[in-house]
Amino acid sequence: MCNFAAIKFDSMAKNKTQYFCKNCGAQSAQWIGRCPSCGEWNTFEEEVIVREETPAKGRSNATVTKSAPKPIDEVSLQQLPRISTTFGEFDRVLGGGIVAGSIVLLGGEPGIGKSTLLLQMALNIKEAKVLYVSGEESEAQLKMRAARLFAQKAPNCYVLTETSTQEIFKHVETLRPDIIIVDSIQTMQSSLLDSAAGSISQLKECAAEFQHLAKTTGIPVFLIGHITKDGTLAGPKILEHIVDTVLQFEGDQHYGYRIVRCIKNRFGSTSELGIFEMTQDGLHEILNPSEILLSQHEEDYSGNAVASILEGNRPMMIETQALVSTAVYGVPQRSATGYDIRRMNMLLAVLEKRCHFKLGAKDVFLNIAGGVRVEDPAINLAIVAAILSSAIDMPIDTKTCFAGEMGLSGEVRPVSRIVQRIAEADKLGFTRMFVSKYNLKGIKTSDYTIKIIPITKVEEMMKQLFGNN
Ligand code: TYD
Ligand code: MG
């Protein structure tokens, strides 16, 4: 079945290259420091224009001769076989496991735990031979990490410290692994190009070679890609269209929680999300996220409000904390952790303008529990409640939760899949939930023990929460 001959590349092949400006696309035969067209500095990158390959071994020729148009009705539907990653959370994000011949990019900031996650997977998988190619760590370093993560023997896990793709393909041919992990794509180098490892053209070329390997041999390939904090060197971004699945590994370095988010998936939904906790002995799955995202305090503190959010298809309860205080310095400070500061400023503007809260001269700090970044706009209502609670220094009782979006005119808007959210809040023992009135069409609130409070405006919520204060 495996066509290993197809993965050989002629290392003596010569390529024609040109230099392109990353910013405006201007072309040049040689590298220039400053783009004459747009004036940007250091934007020229080498790109391959023509690759001269021996026709018999060429990539494109092999596919041209075999392919022919076919009516889609005649294409047989195959259930793609999937290999489990041994992490339920990871499998779900991938759409049910690793698909044969697929190429997955796992992106994330340095030190977030990408190598740990994939090495742990490689060690845990029993039924498949896994090759872990590392261009970053030595065998001894990998062994040390493996010893921390896994006490048992892992006879099916092989490590290779190599950065040349052509060398890797040779080893793949002899070892014939079932899964390949490449750590990281930025350290890989193809001898078909002269440019340094990590340059745009090397990234593209190496990714294309691994993609070719995956497609011709059916071996799934995982590529690890670094993304820097400020997003300037967004190398993996340019790979997104080459690969089948793009996963992002994120989390706050200072908290133990890590999230694998799916950004693109040809074999499943993109709305899935897996939650892990980084511990002394590696990553552990978190099966019930609500338990960790709610603080365990018994007393009521002002400034805390619980939101019912959906991440992927999974509902979870998460605590939001706000601190509103009088600004000591002239310009009030605004800061948000786990939430977009611009969205917070928008909510503050709505509160100021529509609800006549004088927040303009106040410092506002916002924190989402666990360092988790929340995208679901249903968290807005809880954030508003937390800010108001802190502003007037009156606590909200811990058994109350919120799910609603805020409009610019101060109206509380409906959110998606409200039934799932209510059911989760009910299951976790919440007694009161504020939702938009427009969300309750066709929903029988009497089915739940939790009291559903429909509202249309923030003022109504204020009255219910704090009386006439
Ligand atoms: P790593 O997987 O090397 O990150 P990446 O490959 O994304 O750069 O993870 C590095 C961090 O994880 C490091 O700061 C130490 C921490 N860590 C643990 O807390 N527990 C462990 O068992 C391991 C292996 C790492
Ligand atoms: Mg690493």
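Here, every reference points to the structure presented above.
Source: prediction; values computed, not measured.

A. How the structure looks around the pattern of salt bridges. In the structure shown here, the tally under the stated rule is 15 salt bridges. Salt-bridge contacts for D447 lead to K444; the nearest nitrogen and oxygen are separated by 4.0 Å. Take D447 and K444: they sit in the same class, and that class is exposed. Each of the salt bridges in this network shares a partner with another, and the network as a whole consists of E250, R261, R373 and E375.

B. Representation of the sheet that holds strand β14 (residues 282-285). Here we have nine strands laid out as an open sheet, ordered β8-β7-β9-β10-β6-β11-β12-β13-β14, and mixed in their pairing. The sheet is open, and its two borders are formed by β8 (157-161) and β14, each paired with just one other strand. On average, each strand axis in the sheet is inclined to that of its neighbour by 25 degrees, with strand direction left out of account. Sheet analysis places strand β12 (residues 257-265) next to strand β13 (residues 273-279), joined by five bridges and oriented antiparallel. Bridged to Y257 within β13 is E277.

C. Expanded view of the nonpolar core. The biggest cluster of nonpolar side chains holds 48 residues, and the ones touching the most others in it are I318, I379, I387, F402, V458 and M461. Here this core takes eight residues from helix α9 (residues 380-392), the largest share from any one element. A domain-level breakdown of this core finds at least three residues from each of domain 2 (81-285) and domain 3 (292-466). Counting residues in each nonpolar core, the second largest holds 33 residues, with I112, L117, M121 and Y132 among its members.

D. Examining the environment of V93 more closely. Tracing the chain through its elements places V93 in helix α2 (residues 88-93). Sequence separation between V93 and G274 is 181 residues; the distance between their C-alpha atoms is 6.2 Å. Aside from chain neighbours lying at most four places away, what touches V93 is L247, V260, R261, C262, N265, S269, E272, L273 and G274.

E. Structural view of the site of ligand 1. As a structural note, the neighbourhood of ligand 1 is formed by 16 residues, with G111, K114, S115, T116 and T279 the closest of them. Take G111: an N or O atom from its main chain is 2.7 Å from an oxygen atom of ligand 1. Measuring from a nitrogen atom of ligand 1, one finds a backbone N or O atom of T279 at 2.7 Å. In the complex, the protein chains occlude 75% of the 550 Å² of accessible area that ligand 1 would expose alone. Each residue belonging to the shell around ligand 1 can be placed in one class, and the counts come to four nonpolar, seven polar and five charged.

F. Highlighting the packing of aromatic side chains. Inspection of the entire model under this criterion finds four aromatic pairs. Aromatic side chains F87 and F276 sit 5.4 Å apart centroid to centroid with 90 degrees between the ring planes, which places their arrangement in the edge-to-face category. Of the two residues, F87 sits in the loop between β4 (82-83) and α2 while F276 sits in strand β13, which places them 189 residues apart along the sequence. A relative accessible area of 5% places F87 in the buried class. Ring geometry for F90 and F222: centres 6.2 Å apart, planes at 50 degrees, overall tilted. One end of the pair, F90, is in helix α2; the other, F222, is in strand β10 (residues 221-226), with 132 residues separating them in the sequence. A residue is classified by how much of its surface remains accessible, and F90, at 0% relative accessible area, is buried.

G. Quick look at helix α3 (residues 114-124). Across the eleven residues that make up α3, a large majority, ten, are buried. Three or more residues of α3 are buried, namely K114, S115, T116, L117, L118, L119, Q120, M121, A122 and L123.

H. Structural view of the pairing of β12. Burial analysis of β12 places seven of its nine residues in the buried class, which makes it a mostly covered element. Here six bridges tie strand β11 (residues 245-250) to β12, and the two strands are oriented antiparallel to one another. If you follow F249 over to β12, its bridge partner there is V260.

Rules and cut-offs
Residues numbered from 1 in each chain as written. Chains lettered and ligands numbered in written order. Predicted model: local features only at pLDDT ≥ 70, side-chain atom pairs only at ≥ 80, totals over all residues. Heavy atoms only, no water. Salt bridge = Lys/Arg side-chain N within 4 Å of Asp/Glu carboxyl O. Buried < 20%, exposed > 50% of the residue type's maximum accessible area, 1.4 Å probe, protein only. Pairing = 2+ DSSP bridges. Helix = DSSP H or I, 4+ residues; strand = E, 2+ residues; numbered from the N terminus. Axes fitted to C-alpha atoms, helices over the stretch in contact; angles between N-to-C directions. Core = buried A, V, L, I, M, F, W, Y, C linked by side-chain atoms within 4.5 Å. Domains from an automatic or database assignment. Contact = heavy atoms within 4.5 Å. Near = heavy atom within 4 Å. Polar contact = N/O pair within 3.5 Å; in protein donor to acceptor, adjacent residues only side chain to side chain. Areas by Shrake-Rupley, 256 points an atom, 1.4 Å probe, with all protein chains shown as cover. Nonpolar A, V, L, I, M, F, W, Y, C, P; charged D, E, K, R; others polar. Phe/Tyr/Trp six-rings, centres within 6.5 Å; stacked < 30°, edge-to-face > 60°.

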